[in-house]
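As a plain string of letters, each chain reads:
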Amino acid sequence: MSPRRAAPRTGPSLLEAAARVLSTEGPAALTTRRLARETGCSTMAVYTNFGGMTGLVRALVHEGFARLHTRFSRVAPSPDPVADLALYGRAYRVGAVAAPHVYAVMFGSSGLAGFSLTEEDRQHGRYTLAPVVACTERCMRAGRFTSGDPVAVAHRMWTGVHGVVSLELGAYLVAPYDADDCFESVLPALMVGAGDSPERAGASVELSRARLPETAPGTEKAPSTKTRGAPPPPGTALSTSPTTME
């Protein structure tokens, strides 16, 4: 008997359901039976489309990075590259807060039983850093940042933003140093650390706050199973050192 082929829309429907269940109820609720109930499919659909729950979660990780890339792609270059760079940080935070359990799976901090990231999974999402590297180069060319390795500086931006966002999701940041306060102080500090003046960095970060709606999702396409193991979108791969779902 030949293997049963997956229905064209079943895979994306399962990914949407998995993201929804994770985001609203957490890892413990993500089961084949729950996904079958959410999508009107049989439990076998998970195995037919993804080879099992591990494959589905891996596809969800890749889709999460694709969604992050989509958010980043909405940041239009402006005359103020430092404001653009801060806006990438804001988009990163918004995506993580919107789907914290998906974000946790993407970065290996989820308690999802039976799943752990492979080295390939960890490296897959690095293509999302490419526009941040390009923006960092613009900051250097504009004389706002000290000349140097833009990939290294972009990594410092990433680790700084990722750190405060992770603490926010873990509910570690409380008044009087709550998540908003810490995030708004980290952004200009990162810019000043890269060579900008405190005054100009503060003004650019404030400008980026007003521009945040630019990164809001419009009508999103349903997740595609083609994201599993897919290469980075054209023109987004990092050329030097290596480097969420709404």
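Residues numbered from 1 in each chain as written. Predicted model: local features only at pLDDT ≥ 70, side-chain atom pairs only at ≥ 80, totals over all residues. Heavy atoms only, no water.

### Here we look at the overall build of the protein
Within the protein, the regular secondary structure consists of eleven helices and zero strands. In sequence order, the secondary structure elements of the protein are arranged as α-α-α-α-α-α-α-α-α-α-α. Across the 246 residues that make up the protein, the buried fraction comes to 46%. Working note: accessible area of the protein is about 11,900 Å², and carbon and sulfur atoms make up 57% of it. (Helix = DSSP H or I, 4+ residues; strand = E, 2+ residues; numbered from the N terminus. Buried < 20%, exposed > 50% of the residue type's maximum accessible area, 1.4 Å probe, protein only. Areas by Shrake-Rupley, 256 points an atom, 1.4 Å probe, with all protein chains shown as cover.)

### Details of helix 5 (residues 81–98)
Taking 1.5 Å of rise per residue, the 18 residues of helix 5 would be expected to cover 26 Å, and the 26 Å separating its terminal C-alpha atoms lies within 8% of that figure. Of all the 18 residues making up helix 5, 15 are buried; the element is thus mostly covered by neighbouring parts of the structure. Backbone nitrogen of Val82 and a side-chain oxygen of the N-cap are separated by 3.1 Å at the start of helix 5; the cap is Asp80. (Expected span 1.5 Å × (residues − 1). Polar contact = N/O pair within 3.5 Å; in protein donor to acceptor, adjacent residues only side chain to side chain.)

### What to know about the nonpolar core
Core analysis: the largest hydrophobic core is formed by 65 residues, its most contacted members being Leu30, Leu35, Leu85, Phe145 and Met191. The element contributing the most residues to this core is helix 4 (residues 53–73), with ten residues. Once residues within four sequence positions are removed from consideration, Phe145 is found in contact with Val82, Leu85, Thr136, Cys139, Met140, Val153, Met157, Met191, Ala194, Gly195 and Asp196. (Core = buried A, V, L, I, M, F, W, Y, C linked by side-chain atoms within 4.5 Å. Contact = heavy atoms within 4.5 Å.)

### Some points on the side chain of Arg71
Structurally, Arg71 is set in helix 4. Accessibility expressed as a relative area gives 3% for Arg71, which makes it buried. Of the polar contacts made by the side chain of Arg71, one reaches the backbone oxygen of Thr215; its length is 3.2 Å.

### What about the side chain of Asp196?
For Asp196, the position within the fold is in the loop between helix 10 (179–193) and helix 11 (198–210). In this structure the side chain of Asp196 is engaged in a polar contact, spanning 2.8 Å, whose partner is the side chain of Arg144. Those residues within four positions of Asp196 in sequence are excluded, and the remaining contacts are Val82, Arg144, Phe145, Met191 and Ala201.

### Description of the packing of helix 4 against helix 5
Running from N to C, helix 4 and helix 5 cross one another at 140°; their axes reach a closest spacing of 9 Å. For the crossing formed where helix 4 meets helix 5, the hand is right-handed. Between helix 4 and helix 5, the contacting residues are Leu68, Arg71 and Phe72 on the first element and Tyr88, Ala91, Tyr92, Val94 and Gly95 on the second. Classifying every residue of the contact of helix 4 with helix 5 by side-chain character gives six nonpolar, one polar and one charged. (Axes fitted to C-alpha atoms, helices over the stretch in contact; angles between N-to-C directions. Left-handed = near helix turned anticlockwise from the far one by under 90°. Nonpolar A, V, L, I, M, F, W, Y, C, P; charged D, E, K, R; others polar.)

### So, the pattern of salt bridges
According to the stated counting rule, one finds 17 salt bridges in the structure shown. Here Glu63 makes a salt bridge to Arg67, at a shortest N to O gap of 3.2 Å. One end of the pair, Glu63, and the other, Arg67, are both in helix 4, four residues apart, so they sit about a helical turn from each other. Look at Glu63 and you get buried, because its relative accessible area is 5%. One salt bridge in this structure joins Arg138 and Asp84, with 2.9 Å as the shortest N-O distance. (Salt bridge = Lys/Arg side-chain N within 4 Å of Asp/Glu carboxyl O.)

### Structural notes on the packing of aromatic side chains
Per the stated rule, a full pass over the model turns up five aromatic pairs. With 5.5 Å between their ring centres and 75° between their planes, Phe65 and Phe107 make a pair best called edge-to-face. On the criterion of sequence distance, the pair formed by Phe65 in helix 4 and Phe107 in the loop between helix 6 (100–106) and helix 7 (119–124) is long-range, its members being 42 residues apart. Between Tyr92 and Phe107, the aromatic rings sit 6.3 Å apart at their centres with planes inclined by 50°, giving tilted as the arrangement. You can see Tyr92 sitting in helix 5 and its partner Phe107 sitting in the loop between helix 6 and helix 7, a full 15 residues away along the chain. (Phe/Tyr/Trp six-rings, centres within 6.5 Å; stacked < 30°, edge-to-face > 60°.)

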